[in-house]
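The lines below spell out each chain.
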Amino acid sequence: MEAKTNPLRKECFVTIGATADFPQLLTAAVSDETLTKLKSLNYTDLTLQVGKSETYFHQIKPVDDKGINIKYFAFKSKGLENELKRCKAKEGVSDEGVVVCHAGAGTILDAMRLALNIVVVPNDSLLDNHQEELAAELEKQGYVVKADV
């Protein structure tokens, strides 16, 4: 009888930012369509930084997680480095994952420093839509993939 091997961990980390609400990104991140797609791409873990939207997240948290380990937190005073590092490939432990984030400069720079795959979703409800400009420029330069919810 052949021994079962555990699949390597593969992390999708979604951050909406700590100071502004972005319920559209949270809703999209835990939608049935997204979870099905993540599962088909062999993702094992989905971690969400929900900021001020913890109550909202409890309302939309999926009943069927499609076999993906879903974790969340509101805010971490020591930053997101540990969560970001979980998206890196580590031989025998994890496959390369992805960071999906609002277009906050700090998060993007932290993810770029770690050479992670980054999908940036601008929060267009913010003043002057500065996130849209930043995301468009970084995509043009090949650093990120820009997406909408």
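Placed above this text is the structure.
Procedures and definitions
Residues numbered from 1 in each chain as written. Predicted model: local features only at pLDDT ≥ 70, side-chain atom pairs only at ≥ 80, totals over all residues. Heavy atoms only, no water. Helix = DSSP H or I, 4+ residues; strand = E, 2+ residues; numbered from the N terminus. Rg over C-alpha atoms; globule rule 2.2 N^0.38 Å. Buried < 20%, exposed > 50% of the residue type's maximum accessible area, 1.4 Å probe, protein only. Contact = heavy atoms within 4.5 Å. Areas by Shrake-Rupley, 256 points an atom, 1.4 Å probe, with all protein chains shown as cover. Core = buried A, V, L, I, M, F, W, Y, C linked by side-chain atoms within 4.5 Å. Phe/Tyr/Trp six-rings, centres within 6.5 Å; stacked < 30°, edge-to-face > 60°. Lys NZ or Arg CZ within 6 Å of the ring centre and 35° of its normal. Pairing = 2+ DSSP bridges. Axes fitted to C-alpha atoms, helices over the stretch in contact; angles between N-to-C directions. Polar contact = N/O pair within 3.5 Å; in protein donor to acceptor, adjacent residues only side chain to side chain. Salt bridge = Lys/Arg side-chain N within 4 Å of Asp/Glu carboxyl O.

**So, the overall build of the chain**
Phase 1: A tally of regular secondary structure across the chain gives six helices and six strands.
Phase 2: What you see in the chain, going N to C, is helices and strands ordered as β-α-α-β-α-β-α-β-α-β-α-β.
Phase 3: Expected size for 149 residues packed as a compact globule is a radius of gyration near 15 Å; at 15 Å, the chain falls within 12% of this value.
Phase 4: Taking the principal axes of its C-alpha atoms as reference, the chain extends roughly 60 × 35 × 30 Å.
Phase 5: Out of the 149 residues belonging to the chain, those deemed buried represent 40%.
Phase 6: Taking the intrachain contacts of the chain between residues at least 6 apart in sequence as the baseline, contacts between residues at least 24 apart amount to 65%.
Phase 7: By element, 51% of the accessible surface of the chain is carried by carbon and sulfur atoms, the whole surface being about 8800 Å².

**With respect to the nonpolar core**
Nonpolar side chains tend toward joint burial in soluble globular proteins.
Phase 1: Counting 20 residues, the largest nonpolar core has Cys12, Val14, Leu46 and Leu48 as its most contacted members.
Phase 2: Residue assignment for this core shows that the elements contributing at least two residues are β1 (9-15), α1 (23-29), α2 (32-40), β2 (45-49) and β4 (94-101).
Phase 3: When residues in this core are grouped by element, the largest group, three residues, is from α1.
Phase 4: When neighbours within four sequence positions are excluded, Val14 is seen to be in contact with Leu25, Ala29, Leu46, Thr47, Leu48, Gln49 and Val100.
Phase 5: Core analysis: the second largest hydrophobic core is formed by 17 residues, Phe13, Phe73, Cys101 and Ile118 among them.

**Description of the packing of aromatic side chains**
Phase 1: Evaluated as defined, the whole model comprises two aromatic pairs.
Phase 2: Consider the rings of Phe13 and Phe73, whose centres lie 6.3 Å apart with planes at 15 degrees: the pair is stacked. Of this pair, Phe13 sits in strand β1 while Phe73 sits in strand β3 (residues 69-73), and the two are 60 residues apart along the sequence.
Phase 3: Here Phe13 falls in the buried class, since its relative accessible area comes to 0%.
Phase 4: Look at Phe73 and you get buried, because its relative accessible area is 11%.
Phase 5: A cation over a ring is seen here: Lys10 above Tyr43, with NZ or CZ 4.6 Å from the ring centre.
Phase 6: One Lys or Arg, Lys76, reaches over the ring of Phe73 and ends 4.5 Å from the middle of that ring.

**Some points on the sheet that holds strand β5 (residues 118-120)**
Phase 1: Strand order in the open sheet formed by six strands is β3-β2-β1-β4-β5-β6, and the pairing between neighbours is parallel. Either end of the sheet is taken by a strand with one partner, and the two such strands are β3 and β6 (145-146).
Phase 2: Here β1 runs beside β2; their pairing, made up of five bridges, is parallel. The partner of Glu11 across the bridge, within β2, is Asp45.
Phase 3: Against the sheet, helix α5 (residues 105-113) makes contact with β1, β4 and β5, and its axis sits at roughly 165 degrees relative to β5, the strand it touches most.

**Here's the deal with the side chain of Thr15**
Phase 1: Structurally, the position occupied by Thr15 is in strand β1.
Phase 2: A relative accessible area of 0% means that Thr15 is categorised as buried.
Phase 3: Among the polar contacts listed, one links the side chain of Thr15 to the side chain of Gln49, at a separation of 2.5 Å.
Phase 4: Leave out the neighbours within four places in its chain, and Thr15 touches Leu25, Gln49, Leu80, Val100, Cys101, His102 and Thr107.

**Topic: the pattern of salt bridges**
Phase 1: All chains considered together, the criterion is met by 10 salt bridges.
Phase 2: Between Asp32 and Lys66 there is a salt bridge whose closest N-O contact spans 2.7 Å. With a gap of 34 residues between them, Asp32 in helix α2 and Lys66 in the loop between α3 (54-60) and β3 connect regions that are remote in the sequence.
Phase 3: It is possible to trace a salt-bridge network through shared partners that takes in Glu11, Asp45, Lys71 and Arg86.

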